[in-house]
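The chain contents come next:
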Amino acid sequence: MDGLLNYHQATDAQIWDNFLLGSQPAYSFMYEKYARMLYNYGYKIAQNRQLTEDCLQDLFLTILETRERLGHTDSIKFYLMRSLRREIVRKLNAQQRFADNAEHDVDFKVEFLYEPTWLDSQISKERSEAVLRELNQLPARQKEALFLKFFDNLSYEEIAGIMGIETTSAYKVIYKGIAALQKRMPVDLLSVILL
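Given the structure is predicted, the values throughout are model-derived calculations rather than measurements.

Draft legend 1. Up close: the overall build of the chain. A count of helices and strands for the chain gives 10 helices and zero strands. Seen in sequence order, the chain has helices and strands lined up from the N terminus as α-α-α-α-α-α-α-α-α-α. For the chain, contacts bridging at least 24 residues in sequence account for 61% of all contacts bridging at least 6. If you sum the accessible surface of the chain, you get close to 11,000 Å²; carbon and sulfur atoms cover 50% of it.

This is the structure:
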């Protein structure tokens, strides 16, 4: 089946189903396509390179070892982002419990580390730094939700699934983030994020 399927033109459902059937090329394609994006997302949460790398490796190893028990998905990106986030949160909570024998909420310190050409192609370096500065003033949940919506182009339902909140809460968190940015940013800078 792999010889007949061009993974660059296949749907997520086709790729995932081939992977579930044991296709090594499908697994390799998913890794090549999503590993860097997942690492960037995971690092924004963990703020620790080694932990992020470990969680990413664990994620891909786990899905490979348990593929016979995994369900169907129409969005590989959503599935992997949600799984990686859960793994990072689990490990951060375990580290906190080990450190002081108490459970803590994870403090999501989302950093917006862009490829230089992304914002630079939209606006000047000074203005891109201003956008990043204002984004990083928001509460962590708002930063993460805005990042997922406007930089990863995920739906509100997918954002809710990844963050472990209700869809209505995803709408509210994003709305509050945009409202806060509107108070502090000129319209032309805000439009860079929202468009």
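Draft legend 2. Representation of the nonpolar core. Of all hydrophobic cores here, the largest spans 57 residues; its most connected members are Met-30, Leu-38, Ile-63, Leu-80 and Leu-148. Elements represented by at least two residues in this core include exactly helix 1 (12-20), helix 2 (24-46), helix 3 (49-65), helix 4 (76-100), helix 6 (125-135), helix 7 (140-151), helix 8 (156-163) and helix 9 (167-184). At 13 residues, the largest contribution of residues to this core is made by helix 2. Contact partners of Leu-148, with chain neighbours within four places excluded, come to Tyr-41, Met-81, Asn-153, Leu-154, Ile-159, Ile-162 and Met-163.

Draft legend 3. Here's a closer look at the environment of Ala-35. Following the sequence through the fold, Ala-35 ends up in helix 2. With 45 residues separating them along the chain, Ala-35 and Leu-80 place their C-alpha atoms 9.4 Å apart. Other than its neighbours up to four places away in sequence, Ala-35 contacts Met-30 and Leu-56.

Each value, and the rule that gives it
- Residues numbered from 1 in each chain as written.
- Predicted model: local features only at pLDDT ≥ 70, side-chain atom pairs only at ≥ 80, totals over all residues.
- Heavy atoms only, no water.
- Helix = DSSP H or I, 4+ residues; strand = E, 2+ residues; numbered from the N terminus.
- Contact = heavy atoms within 4.5 Å.
- Areas by Shrake-Rupley, 256 points an atom, 1.4 Å probe, with all protein chains shown as cover.
- Core = buried A, V, L, I, M, F, W, Y, C linked by side-chain atoms within 4.5 Å.
- Buried < 20%, exposed > 50% of the residue type's maximum accessible area, 1.4 Å probe, protein only.

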